[in-house]
Amino acid sequence: MTTTAQPVRTAVLEASGIEKSYRHGLRHRQNVLRGADITLLPGEVVGLVGENGSGKSTLMKILVGALRPDAGTVSIAGRLGYCPQEPVYYERLTCDEHFELFGRAYRMSQEAERRSRRELYAALGFERYASTRADQLSGGTLAKLNLGLALLADPEVLLLDEPYAGFDWDTYLRFWDLVARRREQGRSVLIISHFVADEERFDRIVHLRDGRT
Ligand SMILES: Nc1ncnc2c1ncn2[C@@H]1O[C@H](COP(=O)(O)OP(=O)(O)OP(=O)(O)O)[C@@H](O)[C@H]1O
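Scoring rules and cut-offs
- Residue positions are counted from 1 within each chain, in the order its sequence is given.
- With pLDDT at 70 or above as the cut-off, local features in this predicted model cover only qualifying residues; side-chain atom pairs require 80 or more to be listed or tallied, and sums for whole chains, interfaces and linings still use all residues.
- Each side-chain value is derived from all of the structure's non-hydrogen atoms; neither hydrogens nor water enter the calculation.
- Labels follow the DSSP assignment, with helices taken as runs of H or I lasting at least four residues and strands as runs of E lasting at least two, numbered in each case from the N terminus.
- Residues are labelled near a given molecule or strand when at least one of their non-hydrogen atoms is within 4 Å of it.
- Polar contact criterion, stated in full: a pair of N or O atoms within 3.5 Å, where within protein one must be able to donate a hydrogen and the other to accept it, and residues adjacent in sequence count only if both atoms are side-chain atoms.
- Here, Shrake-Rupley sampling with a 1.4 Å probe gives the accessible areas, and only protein chains in the shown set may cover a residue.
- Classes in brief: Ala, Val, Leu, Ile, Met, Phe, Trp, Tyr, Cys and Pro nonpolar; Asp, Glu, Lys and Arg charged; the others, Gly included, polar.
- Salt bridge, as used here: a side-chain nitrogen of Lys or Arg that lies within 4 Å of a carboxyl oxygen of Asp or Glu.
- Categorising residues by exposure relies on relative accessible area from a 1.4 Å probe, with only protein chains included: less than 20% of the type maximum marks a residue as buried, more than 50% marks it as exposed, and the intermediate range marks it as partly exposed.
- The pairing criterion for strands is at least two bridges between them, as found by DSSP.
- For helices, the fitted axis covers only the stretch in contact; all axes are lines through C-alpha atoms, and the angles between them, taken along N-to-C directions, range from 0 to 180 degrees.
- We call two residues in contact whenever any of their non-hydrogen atoms come within 4.5 Å of each other.
- Between 30 and 60 degrees the pair is tilted, below 30 it is stacked and above 60 it is edge-to-face, where a pair is any two Phe, Tyr or Trp rings, Trp via its six-membered ring, whose centres lie within 6.5 Å.

**A short note on the environment of Ala 105**
With respect to the element layout, Ala 105 can be found in helix H2 (residues 95–105). Sequence spacing of Ala 105 and Ala 153 is 48 residues, and the spatial spacing of their C-alpha atoms is 10.0 Å.

**A look at the site of the ligand**
The environment of the ligand is formed by 15 residues, the closest being Gln 30, Gly 53, Lys 56, Ser 57 and Thr 58. The contact in question runs from a nitrogen atom of the ligand to an N or O atom on the side chain of Tyr 22, over 3.4 Å. Here an oxygen atom of the ligand sits 2.9 Å away from a polar atom, N or O, in the main chain of Ser 57. Protein burial of the ligand: of its 630 Å² of free accessible surface, 64% is covered by the chains. At the level of elements, strand E1 (13–24), strand E2 (28–40) and helix H1 (56–64) are the ones that each hand at least two residues to the shell around the ligand. Of the residues forming the shell around the ligand, the biggest block, 3 residues, is contributed by H1. Split by residue class, the shell around the ligand holds 2 nonpolar, 10 polar and 3 charged.

**Section: the pattern of salt bridges**
This model, assessed by the stated rule, comprises 13 salt bridges. Glu 156 is the salt-bridge partner of Arg 79, the closest N and O atoms lying 3.1 Å from each other. With Arg 79 in the loop between strand E4 (71–76) and strand E5 (80–83) and Glu 156 in the loop between helix H4 (139–151) and strand E6 (157–161), the pair connects residues that are 77 residues apart, well separated along the chain. Classification of Arg 79 by relative accessible area gives partly exposed; the value is 41%. For Arg 187, the salt bridge goes to Asp 154, with nearest N and O atoms at 2.9 Å. Taken together, the residues span a long stretch of sequence, with Arg 187 in the loop between helix H5 (169–184) and strand E7 (188–192) and Asp 154 in the loop between H4 and E6 at a distance of 33 residues. Of the residues examined, Arg 187 reaches a relative accessible area of 17% and is grouped as buried. With relative accessibility at 29%, the residue Asp 154 sits in the partly exposed group. When salt bridges that share partners are traced, they join Arg 79, Asp 154, Glu 156, Arg 182 and Arg 187 into one network.

**Section: the sheet that holds E1**
Strand order in the open sheet formed by 3 strands is E2-E1-E4, and the pairing between neighbours is antiparallel. The open sheet terminates on both sides in strands that have one partner only, identified here as E2 and E4. Between one strand axis and the next, the sheet turns by 25 degrees as a mean value, whatever way the strands run. Pairing geometry for E1 and E4, over 5 bridges, is antiparallel. Its bridge partner lying in E4, Leu 13 is registered against Ile 76. Against the sheet, H1 makes contact with E1, E2 and E4, and its axis sits at roughly 120 degrees relative to E1, the strand it touches most.

**Comments concerning the environment of Gly 55**
Counting through the fold element by element, Gly 55 comes out in the loop between strand E3 (45–49) and H1. Considered as a pair, Gly 55 and Asn 31 are 24 residues apart in the sequence and their alpha carbons are 9.6 Å apart. Residue contacts for Gly 55: discarding those within four places in its chain leaves Val 32, Leu 33 and Leu 208.

**Observations regarding the packing of aromatic side chains**
In total, this model carries 11 aromatic pairs according to the counting rule given. Ring geometry for Phe 99 and Phe 126: centres 6.5 Å apart, planes at 45 degrees, overall tilted. Highlighted residues: Phe 99 in helix H2 and Phe 126 in the loop between helix H3 (110–124) and H4, separated in sequence by 27 residues. As far as the burial class goes, Phe 99 and Phe 126 line up, both buried. Put simply, the rings of Tyr 164, Phe 167, Trp 169, Tyr 172, Phe 175, Trp 176 and Phe 202 touch in pairs and so form one group of aromatic residues.

And the structure:
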């Protein structure tokens, strides 16, 4: 009998035993996360679901390092891209200027940044806003800009907090094409989602309930 060894896929993101509570006033403490674990393998597209207020955004903020957990560990291998629920932008900068700024922050060459920017404009369909200032963009276009900035440096791990809430149907489909391409390239994506209809688009779904996964 011959056996074929399966390649071991090492996790690109691993979080275990994550606990987090918020203080409300002097006496009340709300335990939001009570030992949540999450793992992402290369090329996996995982959905993070749970009812409103279950702690999905809190967990994602801890994964990206924007919030410190009370307990638990997080390790990430490679570059990280993050799209928060509320777009973060500089009002006076155009879309092009945002890409230039982030390209420099990611230490990309000018050529690599421009190539990636062109691909993202085409993939998400917002090139016509290249020279428009962020404070003049619609909510959906701002969401595209935020997603584009998270993707600019081709991160191994992409974390998205309800990324398509403001997208029209065509953009929603473009978004899932883009996610499918990332999966093919062995990139990993974690998406907070509320749409039951999206369940079949994920390789795996992680439920957050009572502070645990
Ligand atoms: N900065 C904060 N200070 C105090 N409480 C907070 C803070 N951020 C979140 N919370 C509380 O923690 C709980 C979890 O919030 P979180 O935003 O993580 O949930 P969620 O699952 O992402 O919710 P939704 O589906 O509505 O976006 C909620 O009860 C919320 O009110």
